[in-house]
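Residue-level structure breakdown
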There are 2 protein chains.
Amino acid sequence: MIPPAIILVAPQMGENIGAAARVMANFGLLDLRLVNPRDGWPSEAAATMSAGALPGVVAVSVFGTVEAALHDCGLVFATTARPRGMEKPVVGTPGALERMRVTPGRTAILFGAERTGLENEAVTMADAILSYPVNPDFSSLNLAQAVAAFAHGWAEAMHERALPPAPSVDEPATREELVGMLEHFEAELDRAGFFFPDIKRSVMTLNLRNAFTRAGWTAQEVRTFRGAIKALATGRGKARVIRDEK
Amino acid sequence: MIPPAIILVAPQMGENIGAAARVMANFGLLDLRLVNPRDGWPSEAAATMSAGALPGVVAVSVFGTVEAALHDCGLVFATTARPRGMEKPVVGTPGALERMRVTPGRTAILFGAERTGLENEAVTMADAILSYPVNPDFSSLNLAQAVAAFAHGWAEAMHERALPPAPSVDEPATREELVGMLEHFEAELDRAGFFFPDIKRSVMTLNLRNAFTRAGWTAQEVRTFRGAIKALATGRGKARVIRDEK
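Presented here is an overview of the structure given in this document. In this text, all values refer to a predicted model and were calculated from it rather than measured experimentally.

**Focus: the packing of aromatic side chains**
Inspection of every chain in the model, using the stated rule, returns twelve aromatic pairs over all chains. Look at phenylalanine 194 of chain B and phenylalanine 195 of chain B: their rings are 5.3 Å apart centre to centre, the planes differ by 65°, and that puts the pair in the edge-to-face class. Under the relative-accessibility criterion, phenylalanine 195 of chain B is labelled buried at 7%. One aromatic cluster is present, formed by Phe185, Phe212 and Phe225 of chain A together with Phe185 and Phe225 of chain B through successive ring pairs.

The structure is reproduced here in structure tokens:
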């Protein structure tokens, strides 16, 4: 099983990034991805707090969007304590680890910014929500502690079993393939005048993305659906139509 | 089950005590005991890092010896990464939690000082050693992260026994609504010439139905997607097209 990528979305304090990197290194998670770190990168505060994990032990990559950070990931969890009104499965760490165990390919855990957490747009990109059983009267975790909680759980799960082979399933679509499919879908919907009035665009897009990211598409299913979009948009064979190009 | 006491033996940095208290409060561990904190007690640095857990949420008591701190505890674990040459059982967090679950009375986890860890005298007082499955190449945990790892594991174990029903916000689509959506989709795909050659029809249909039925669509999402199919098939407004009717 490939260790999951840890993705910090819009982290603010370099100290927290460094502390997160340190505990990742402690538990063997070596793929740290940053989406728009507030104070830029590299960070001296992060290096100091990492106790030697940065630079060198943990590999850091920086991205401009959540989608880009997830490009090669098939199964994605968003950590959030707040109810979202989204129809995503909610799992604890054991549930997330179990799903990761039976899923081939690369996986990722999204963590939001200090105080504000993950934006809805980022949560929408996830297959499921990873939620910790926090004290309702004192629920705000430090960012690096939140990473520590998952990292330790992951290491315990790895340690506990000499891993049985995952049941053979189809290769999951990478996040890049899934996003490509959704963008193709949305572009054709746009061309067809679906997003009208324009004010409804974002809620309609979220609505569709939520439904589609829950499904755990395989790479083959993505190809089939892209063919379906194309057929609906332009037709095939005798059914081919020429659309107005607005 | 009484939440275990967390005992920090000779902690050095007030910041680490505060961060440990914060994550204890997050996961419902409210009994913090300090043995000879280097910089005395109370600590302003600890209060600042605790994000409100100190003073008040987590109860702190200070002792002069490990024995005194353990006076009311029946089952005690010592955390240490280093082999000790002591005849003590060594357990991971799941093993420790299982023993705590079946042991009545108060329990405790001992954590040593930054850098030096627990002295042999303190380890001797424990029933067993609690060891984390750390990366052998990067094994030194921050003190508060070490507390976070256990605290989270404890909360997950407590939580597992009392799983609340998954929160369901939106009405799930009935199977009739979902099938209606799929039939609508397939009918439009058929009209657009997608199922070609005809021999591929059943595998393509299965492929799409598998992906769509996994997603747990809500009734609202079904309506949105049906609107999307309609828009792609015929367009809306200026983008409307007249299709060949075969």
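**Some points on the interface of chain A and chain B**
Facing 76 residues of chain A, the contacting portion of chain B comprises 77 residues. Interface area for chain A against chain B, summed over the two sides, is near 5900 Å², with a carbon-plus-sulfur share of 60%. Per-residue buried area on chain A facing chain B is highest for Pro133, Phe138 and Leu232 of chain A; these three make up 13% of the total on that side. In this structure, the connection of chain A to chain B is made through zero salt bridges. For the interface between chain A and chain B, the tally reads 19 residue pairs in polar contact (both at pLDDT 80 or more).

**Some thoughts on the sheet that holds strand 1 (residues 5–9) of chain A**
Across a sheet, strands are paired by hydrogen bonds formed along the backbone, either parallel or antiparallel in direction. All names here are of chain A. Spatially, seven strands are ordered 3-2-1-6-4-7-5 in an open sheet, and the strand pairing comes out parallel. Looking at the sheet topology across the chains shown, the edges are occupied by strand 3 (59–63) and strand 5 (90–91). The sheet strands contacting helix 1 (residues 14–26) are strand 1 and strand 2 (31–35), and the helix crosses strand 2 at an angle near 160°.

**As for the environment of glutamate 186 of chain B**
Residues and elements named next belong to chain B. Along the polypeptide, glutamate 186 turns up in helix 7 (residues 175–191). C-alpha separation for the pair glutamate 186 and asparagine 16, spaced 170 residues apart in sequence, amounts to 60 Å. For glutamate 186, the contacting residues outside a window of four places in its chain are Phe195, Thr205 and Arg209.

**Side note on the sheet that holds strand 6 (residues 107–111) of chain B**
Residues and elements named next belong to chain B. Strand order in this open sheet of seven strands is 3-2-1-6-4-7-5, and the pairing throughout is parallel. Each edge of the open sheet is held by one strand with a lone partner, namely strand 3 (59–63) and strand 5 (90–91). For strand 1 (residues 5–9) and strand 2 (residues 31–35), the ladder comprises four bridges, and the chain directions are parallel. The residue bridging valine 9 from the neighbouring strand is valine 35, located in strand 2. Where helix 1 (residues 14–26) meets the sheet, it contacts strand 1 and strand 2, and its direction lies at approximately 160° from that of strand 2. The sheet contacts of helix 4 (residues 93–101) involve strand 4 (75–79), strand 5, strand 6 and strand 7 (128–130), and relative to strand 4 the element is tilted by about 165°.

Parameters and conventions
- Residues numbered from 1 in each chain as written.
- Chains lettered and ligands numbered in written order.
- Predicted model: local features only at pLDDT ≥ 70, side-chain atom pairs only at ≥ 80, totals over all residues.
- Heavy atoms only, no water.
- Phe/Tyr/Trp six-rings, centres within 6.5 Å; stacked < 30°, edge-to-face > 60°.
- Buried < 20%, exposed > 50% of the residue type's maximum accessible area, 1.4 Å probe, protein only.
- Contact = heavy atoms within 4.5 Å.
- Buried area = accessible area lost by both parts, 1.4 Å probe.
- Salt bridge = Lys/Arg side-chain N within 4 Å of Asp/Glu carboxyl O.
- Polar contact = N/O pair within 3.5 Å; in protein donor to acceptor, adjacent residues only side chain to side chain.
- Pairing = 2+ DSSP bridges.
- Helix = DSSP H or I, 4+ residues; strand = E, 2+ residues; numbered from the N terminus.
- Axes fitted to C-alpha atoms, helices over the stretch in contact; angles between N-to-C directions.

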